[in-house]
Amino acid sequence: MKIVYFNYLANAIGPIIRTLELAKGCSDNGVTVALYFMHEGFNPPAFVYERIHAYQSERLCIYYNDTCERHLSATECKVDNKAPGEPVIRLRGLLKQSLFSLKYIKKEHSILKKEQPDAIMARPDHAFSFCFSRLSSKLPLILDTDGPVEELDLYWGISSRGLKWLDTYRAKVSDAVLVVSRVCDELWQKKIKDREKFFIVPNGTHKNEFCPQPESVRERLRNQLGLQGCRVIGFSGNQRIWHGLPSLLQSVQPLLERDKALKVLIIGCGVNEALMQHCRLSESIFRKQIVFTGRLSYWDMATHIDLASLMVMPYETLTLFYFSPMRMFEAMSLGKSIITSKQGQMLDLLDKRASVRFFEPEEKGSLYQVLKESIYDDSFIEQGKKNRDYLMAEHTWCHRGAQVKEAIQYAISHH
């Protein structure tokens, strides 16, 4: 069984990683995959190119415009270590991208003629070209969706009305649809009644890549970051407003004031000086007890998460919590107990098999109370090993590849 998998993004790291990992997961489950990154300006960070080269194999072939990779230099690879600002999205820009995506039809037709796959899989984002290029091929289509169109209204202040029918059209002409969470599945069921063609495929991680590190590695990084002899509260990922980092810092402040050996480790994003004033932190606490790793390669996330005593996902209550947080699976894989709000995929997946404590975002002082009860609870911290066992049993990228394979088989048999 062979698929052609289209992705149209230039440099969106999270979605590009998901595409790579689903492709690899499929190939590990016996599916031959020809993955095409279609964007002419494909220019992800250097570590993405490393992963692409590592994944190339007889069963997984990855194609992309390598112009930016060939022009990478030491100067161009230098990283601005400040936290990035919020992205800006405009309806006009989305509509233009959707229209311009039709230019890919001719190229897609040539690819399909060359590859002769059994099915097409496409991550849509702003693209619609594959809906038309698949018509001449008469091949089954699997749609690999991510965020629902409704997120435009809630998170970006853009009316989704003009895009809703286009978004629904893509799903209707597809033979199978991948969604990242139960919430996304329920949104689609209100629009399309064919329940069987929807497959919930969350994110995941690698049990071998995200695994407890040797003590020598931990000791070196502790010394480098000034964490020797400290209890460490970990936060990973970017600092988008809905991820709740200010809530974590405000909630933990009384504990930091009482214990100078308690630190917060902010993993994988740049330094955000504005947090000091926004969270009303003293300069002493901000400089000495809030530790930023700076932006990291995806390869380096595991070694830094492993320094945390426990991991916190301090999400505020969100009207539409459709996300499938990679940070949750990464923390689980490293055997870390988790503190998080009781909503979305955390509530769906973190059950009795997991080591987790929930807080109520709308209840004042709830996060502080759970942090206070958990930071020095060695039994709870030790129980984090349960999370790694649970992840290895059900939530690796290889498991996700098996789920995608089911969707491909369904699409082929019901086309």
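Basis of the calculations
- Residues numbered from 1 in each chain as written.
- Predicted model: local features only at pLDDT ≥ 70, side-chain atom pairs only at ≥ 80, totals over all residues.
- Heavy atoms only, no water.
- Axes fitted to C-alpha atoms, helices over the stretch in contact; angles between N-to-C directions.
- Helix = DSSP H or I, 4+ residues; strand = E, 2+ residues; numbered from the N terminus.
- Parallel < 35°, antiparallel > 145°, perpendicular 65-115°, else oblique.
- Contact = heavy atoms within 4.5 Å.
- Nonpolar A, V, L, I, M, F, W, Y, C, P; charged D, E, K, R; others polar.
- Buried < 20%, exposed > 50% of the residue type's maximum accessible area, 1.4 Å probe, protein only.
- Pairing = 2+ DSSP bridges.
- Right-handed = clockwise from strand over helix to strand, strands pointing away.
- Core = buried A, V, L, I, M, F, W, Y, C linked by side-chain atoms within 4.5 Å.
- Lys, Arg positive; Asp, Glu negative; His and termini not counted.
- Salt bridge = Lys/Arg side-chain N within 4 Å of Asp/Glu carboxyl O.
- Polar contact = N/O pair within 3.5 Å; in protein donor to acceptor, adjacent residues only side chain to side chain.

Asker: Help me understand the packing of helix 15 (residues 326–333) against helix 19 (residues 384–394), please; the structure alone is not making it clear to me.
Answerer: Helix-helix packing is characterised by the crossing angle of the two axes and by the distance between the axes. Axis separation between helix 15 and helix 19 bottoms out at 7 Å; the angle between their running directions is 115 degrees. One way to sum up the angle between helix 15 and helix 19 is to call them roughly perpendicular. Taking contact as the criterion, the partners of F329, M332 and S333 in helix 15 are, on helix 19, N387, R388, Y390 and L391. Its residues assigned to classes, the contact of helix 15 with helix 19 shows four nonpolar, two polar and one charged.

Asker: Please clarify how the pairing of strand 1 (residues 2–7) should be interpreted in this entry.
Answerer: Both faces of the sheet carry side chains from a regular strand, because those side chains alternate between them. Taken across its six residues, strand 1 has five buried, putting it largely inside the fold. Two elements, strand 1 and strand 2 (residues 32–37), share six bridges in a ladder whose sense is parallel. Note on strand 2: the bridge partner recorded for V4 is A34. A crossover links strand 1 with its parallel partner strand 2, the connecting element being helix 1 (residues 13–28), and its sense is right-handed. As judged from the four bridges shared by strand 1 and strand 4 (residues 119–122), these two strands associate in the parallel manner. Within strand 4, the position partnered with Y5 by the bridge is M121.

Asker: Please clarify how the sheet that holds strand 6 (residues 176–179) should be interpreted in this entry.
Answerer: Adjacent strands of a sheet pair through backbone hydrogen bonds, lying either parallel or antiparallel. Strand order in the open sheet made by the seven strands is 3-2-1-4-5-6-7, with parallel pairing throughout. Edge positions in the sheet fall to strand 3 (60–63) and strand 7 (198–200), since each of these pairs with one other strand and no more. Between one strand axis and the next, the sheet turns by 20 degrees as a mean value, whatever way the strands run. As paired elements, strand 6 and strand 7 share three bridges and run parallel to each other. When the bridges of strand 7 are listed, V177 appears paired with F198. Each of strand 6 and strand 7 is contacted by helix 9 (residues 182–189), which is oriented at about 165 degrees to strand 7, the strand it contacts most.

Asker: Which parts of the structure should I look at to understand the nonpolar core?
Answerer: One recurring pattern in soluble globular proteins is that nonpolar side chains are buried together. Grouped together as the largest cluster of nonpolar side chains are 102 residues, with contacts concentrated most on F6, V33, L35, F37, I62, F130 and M328. Leaving out residues up to four positions away in the same chain, F6 has contacts with Y36, M38, E108, I111, L112, I120, M121, A122, R123 and F130. Counting residues in each nonpolar core, the second largest holds 30 residues, with L275, M276, F292 and I375 among its members.

Asker: What am I meant to see in the pairing of strand 9 (residues 262–267) here?
Answerer: Counting buried positions along strand 9 yields six of six residues, so the element is predominantly enclosed. Neither face of strand 9 is left uncovered, since the one carrying L262, V264 and I266 and the one carrying K263, L265 and I267 both have all their residues buried. Summarising the sheet, strand 8 (residues 231–236) and strand 9 pair through six bridges and their orientation is parallel. Bridged to R231 within strand 9 is L262. Where strand 9 and strand 10 (residues 290–292) come together, three bridges link them in parallel fashion. For V264, the partnering residue across the bridge sits in strand 10 and is I290.

Asker: Any chance you could explain the side chain of R388 here in plain terms?
Answerer: Looking at where R388 falls in the secondary structure, it is placed in helix 19. One buried charged side chain, R388, makes no salt bridge at all; its nearest oppositely charged neighbour is D389, positioned 6.2 Å away. At 2.6 Å, the side chain of R388 forms a polar contact with the backbone oxygen of S333. Discounting chain neighbours no more than four positions away, the residues touching R388 are K207, F210, C211, P212, M332, S333 and G335.

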